[in-house]
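A structural walkthrough
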Amino acid sequence: MQQYDCRLVILSFLLVLNAANQYTTVGLTCGKRFCTLFDLASVEDTFVYQYVSRHIVQVILDNVLLERLDGKVLRQYPPFVKCVDVQNSATITVMSVPVNVTCLRIVATGLSKINFVQRSALLRLMVEKSQLNAIPCTIENARSLTFLEIVEANVRHLDLGTLCEHSRLESIVLKRNKIRYVRNSATRSCPLYDALVFLKLKENRLKSLNLMLFSRFRRLNFFDISNNRLASISTGTLTLDTIERFDMNNNRLTEISFCTWMLPRLRSLMLWCNSLTVVPACVQSWTNISFLSLTSNKLTSFAIESVAGLDNLQQLYLAWNRIEFVKLNGAQFPSSLELLDITGNLLHQLDLSFVPSRSLTVKVEMNFITGLDVNSTTANGSASHLTSNPIDCSWTLGRVQITGVPCLNGND
């Protein structure tokens, strides 16, 4: 049970009168480390800040009743509290951020405009559930930003040129907006290109995207364009030397080729929930990949040659496609492969006679497999899962020759 400072409990009876002896309903409650200020309705109500003790790490402004939350209100915010928190305030439409605020978190407001003063010290900006329809144009005054997040707003486009001068901005999260296109209006080399590491454009309305817009970003490590409406991705010769994780899940891609893409450090590639009919061409040129997901596409066959040479590949997901034939016999079988998931396809046969991987789990549940030659199964397979097939030859064994494993009728 949370313990309250007795002094602050007594103060709840004194907050009926503010410093100007005017009636107010502002309320303040505090625990050991957190305070919540309710129903702030005027600048005069900020007199309650003086009762926030220095051991408090967070002060939340809840249900602010001002239409404009300006610098006069926020300048009085306790300077020892690292982040300004505003939440559940539908009345607020405009906010002006004082020069000394370094962290601002705004959740569930009617906010449609934010103003930043010149030489703003802001480092982190997080806005969730607002009415913003664009990245604020005055954000150029907040050049110390390291983290920018706008979630569940009405942002309709992203112009990377707006953030050109942000030499410290490492993370941009624009999730669950209404972004339909991305452009870059910058006409010169931007400090942003040497700063950005993390970019998430998940759950927007992108239908097409030119990835060449990002070829200048020299530190980009994580790129997420999942849950959009992408039917096409255009590139020339794309080089992203630093990217390690690329998410393109839940789009409308029917084909994609990686033959002109150079992503030498890529480790994780997510393409599940698209409409791909084949493994993308030239994916095997990215030899550092350890995780590849093509789950829930429209593949009808798979040959291990399509990922030949990916000797760092550990997990390969092909579940919930329309695969009728799998060829696992190949001279360039990925030597580090630990998991192959082919669950929920249309397989009737499975040949595991040549699997050079030292320890491999094969998941083939919910197919239509009626036969398996257990005696010819490779010694390297450590586990196989065939439940919910007409036969069940599942086993989990060490690296030993597998013989005499009973094949049970799936209905038994």
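Note that the coordinates shown come from a computational prediction; the quantities given were computed from them, not determined experimentally.

A separate point is the overall build of the protein. Helices and strands together make up the secondary structure of the protein, namely two helices and 31 strands. Expressed as a percentage of the 412 residues in the protein, the buried residues total 50%. Looking at the protein alone, contacts between residues at least 24 apart form 40% of all its contacts between residues at least 6 apart. With an accessible surface of roughly 18900 Å², the protein has 49% of that area assigned to carbon and sulfur atoms.

One non-glycine residue with positive phi stands out, namely E203, at about 60°. Residue position: E203 is located in the loop between strand 14 (198–200) and strand 15 (208–210). A residue is classified by how much of its surface remains accessible, and E203, at 26% relative accessible area, is partly exposed. Notably, N250 is not glycine yet its phi reads approximately 55°, a positive angle. Checked against the element boundaries, N250 lands in the loop between strand 19 (245–247) and strand 20 (261–262). Since its relative accessible area comes to 27%, N250 is described here as partly exposed.

As a general feature of sheets, a regular strand has side chains that alternate between the two faces. Where strand 1 (residues 27–30) meets strand 2 (residues 34–38), four bridges bridge the pair, whose relative direction is antiparallel. When the sheet's bridge partners are listed, G27 is paired in strand 2 with F38. Taking the residues that link successive antiparallel strands as the turn, the strand 1-strand 2 hairpin has three residues. Where strand 2 and strand 3 (residues 58–62) come together, five bridges link them in parallel fashion. Counterpart to C35 in the pairing with strand 3 is V59.

One can find S226 in the loop between strand 16 (222–224) and strand 17 (232–234). On the basis of relative accessibility, which here comes to 2%, the residue S226 falls in the buried class. A polar side-chain atom of S226 sits 3.3 Å from a polar atom in the side chain of N227. Setting aside its immediate chain neighbours within four residues, S226 contacts L201, K202, E203, D247, M248, N249, N250 and N251.

Under the definition given, this model contains four disulfides. A disulfide bridge connects C30 with C35, and the sulfur atoms are separated by 1.9 Å. What sets the handedness of the C30 and C35 disulfide is the S-S torsion sign, and at about 110° it is right-handed. In this pair, the class of C30 matches that of C35, namely buried. Across a sulfur-sulfur distance of 1.9 Å, C259 and C282 are joined as a disulfide pair. Taking the torsion about the S-S bond as the criterion, the C259 to C282 disulfide, at about 75°, is right-handed.

Right, let's get into the nonpolar core. Within the largest apolar cluster, 115 residues are counted, with the highest numbers of intra-cluster contacts made by F223, F246, M248, W261, L269 and F302. Apart from the residues within four sequence positions on either side, W261 is in contact with L211, I233, T235, L238, F246, M248, I256 and W286.

Judged by side-chain charge, R156, R180, K207, R229 and R252 come together as a positively charged surface patch. Mapped onto the fold, R252 is located in the loop between strand 19 and strand 20. Owing to a relative accessible area of 49%, R252 belongs among the partly exposed residues under this scheme.

This part is about the environment of Q131. Within the element layout of this structure, Q131 appears in the loop between strand 9 (124–128) and strand 10 (147–151). When its relative accessible area of 44% is taken as the criterion, Q131 is described as partly exposed. The spatial distance from the C-alpha of Q131 to the C-alpha of A90 is 10.0 Å, given a sequence separation of 41 residues.

Looking now at the packing of aromatic side chains. Tallied over the entire structure, the rule returns twelve aromatic pairs. Residues Y49 and Y77 carry aromatic rings whose centres are separated by 5.8 Å and whose planes lie at 70° to one another, so their mutual orientation is edge-to-face. Taken as a pair, Y49 in the loop between strand 2 and strand 3 and Y77 in the loop between helix 2 (71–74) and strand 5 (84–89) lie far apart in primary sequence, 28 residues in all. Classification of Y77 as buried rests on a relative accessible area of 4%. With centroids separated by 4.3 Å and ring planes inclined at 5°, the aromatic side chains of F198 and F222 adopt a geometry described as stacked. Pair noted here: F198 is in strand 14 and F222 is in strand 16, with a separation of 24 residues, a long-range link. Here F198 falls in the partly exposed class, since its relative accessible area comes to 25%. A relative accessible area of 11% places F222 in the buried class.

The rules behind these values
- Residues numbered from 1 in each chain as written.
- Predicted model: local features only at pLDDT ≥ 70, side-chain atom pairs only at ≥ 80, totals over all residues.
- Heavy atoms only, no water.
- Helix = DSSP H or I, 4+ residues; strand = E, 2+ residues; numbered from the N terminus.
- Buried < 20%, exposed > 50% of the residue type's maximum accessible area, 1.4 Å probe, protein only.
- Contact = heavy atoms within 4.5 Å.
- Areas by Shrake-Rupley, 256 points an atom, 1.4 Å probe, with all protein chains shown as cover.
- Pairing = 2+ DSSP bridges.
- Polar contact = N/O pair within 3.5 Å; in protein donor to acceptor, adjacent residues only side chain to side chain.
- Disulfide = S-S within 2.5 Å.
- Core = buried A, V, L, I, M, F, W, Y, C linked by side-chain atoms within 4.5 Å.
- Patch = residues over 30% accessible without salt bridge, like charges linked within 9 Å, V, L, I, M, F, W, Y side chains within 5 Å.
- Salt bridge = Lys/Arg side-chain N within 4 Å of Asp/Glu carboxyl O.
- Lys, Arg positive; Asp, Glu negative; His and termini not counted.
- Charge placed at Lys NZ, Arg CZ, Asp CG, Glu CD.
- Phe/Tyr/Trp six-rings, centres within 6.5 Å; stacked < 30°, edge-to-face > 60°.

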